[in-house]
Amino acid sequence: MTETAHGKGVRLPRTQRRAQLLTAAQQVFAANGYHSAAMDDIAEQAGVSKPVLYQHFPGKLELYIALLESHVDDLVRAVEDALSSTTDNKQRVQNAVGAFFDFVNGDAGAFRMVFESDLRGEPDVQRAVDRATSATVDAIAKTIMSDAGLDAERARLLAVGLVGMSQVSARYWLDRGSDVSRDDAVRLTSTLAWRGIGAGFPLQHPL
């Protein structure tokens, strides 16, 4: 199925049009904030008519939530990819920490929507924000259970610690405008985590 942008004569498949609208919304929300952003502005940024925008999203909140969910998906996927990219657990910790630093250091609007949303009073927004933590914790806890032989509760507690450390350290590093490079910041943070997790809970079944 394709759609035509009003006055533009450009036809796009529905999935591509949706992606285009989300990109435009990201730019407008990042520039103006949620409360000052208008659907008119987003339609103009995307180069479409408001009816086309409303075909995909019935309102500004629904558009915001869809964009937030896409950012959460990106973060969760990055952490899962970091964990699956190697069987070396020290490198896994570094990769997982790096995933948070890269997310924070990437699209500033994306990480602020996920970690600093001012719409947490909206249940759907809160659920999406909570998923950013719970899904990354789940992925890390699963790996810890498998490799360190811990039960679910202890593995999850360690995973919560790693996720919290990664989030807070990455946000501090960005907001501080530190002279510490991204690679050094990741190395420092992951070394702290590894010496706690790696040394305290070694592999139960070394390769």
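Procedures and definitions
- Residues numbered from 1 in each chain as written.
- Predicted model: local features only at pLDDT ≥ 70, side-chain atom pairs only at ≥ 80, totals over all residues.
- Heavy atoms only, no water.
- Salt bridge = Lys/Arg side-chain N within 4 Å of Asp/Glu carboxyl O.
- Helix = DSSP H or I, 4+ residues; strand = E, 2+ residues; numbered from the N terminus.
- Buried < 20%, exposed > 50% of the residue type's maximum accessible area, 1.4 Å probe, protein only.
- Core = buried A, V, L, I, M, F, W, Y, C linked by side-chain atoms within 4.5 Å.
- Domains from an automatic or database assignment.
- Contact = heavy atoms within 4.5 Å.

The name given to the chain in an unreviewed UniProt entry is AcrR family transcriptional regulator, and the organism recorded there is Prauserella sediminis.

Let us now look at the pattern of salt bridges. As enumerated under the stated definition, the model contains 14 salt bridges in all. The partner of Arg131 in a salt bridge is Asp73, with the nearest N and O atoms 2.9 Å apart. Taken together, the residues Arg131 in helix 7 (residues 123–148) and Asp73 in helix 4 (residues 60–84) connect sequence positions 58 residues apart. Under the relative-accessibility criterion, Arg131 is labelled partly exposed at 26%. A relative accessible area of 32% means that Asp73 is categorised as partly exposed. Bridged by salt links that share partners, the residues Arg112, Glu116, Arg171 and Asp175 form one connected network.

One finds Phe29, Ile42, Leu63 and Leu68 to be the most contacted residues of the largest nonpolar core, which totals 63 residues. When residues of this core are assigned to domains, at least three fall in each of domain 1 (13–58) and domain 2 (61–199). Setting aside anything within four residues of it in sequence, one finds Leu63 in contact with Leu22, Ala25, Phe29, Met39, Ile42, Leu53 and Phe57.

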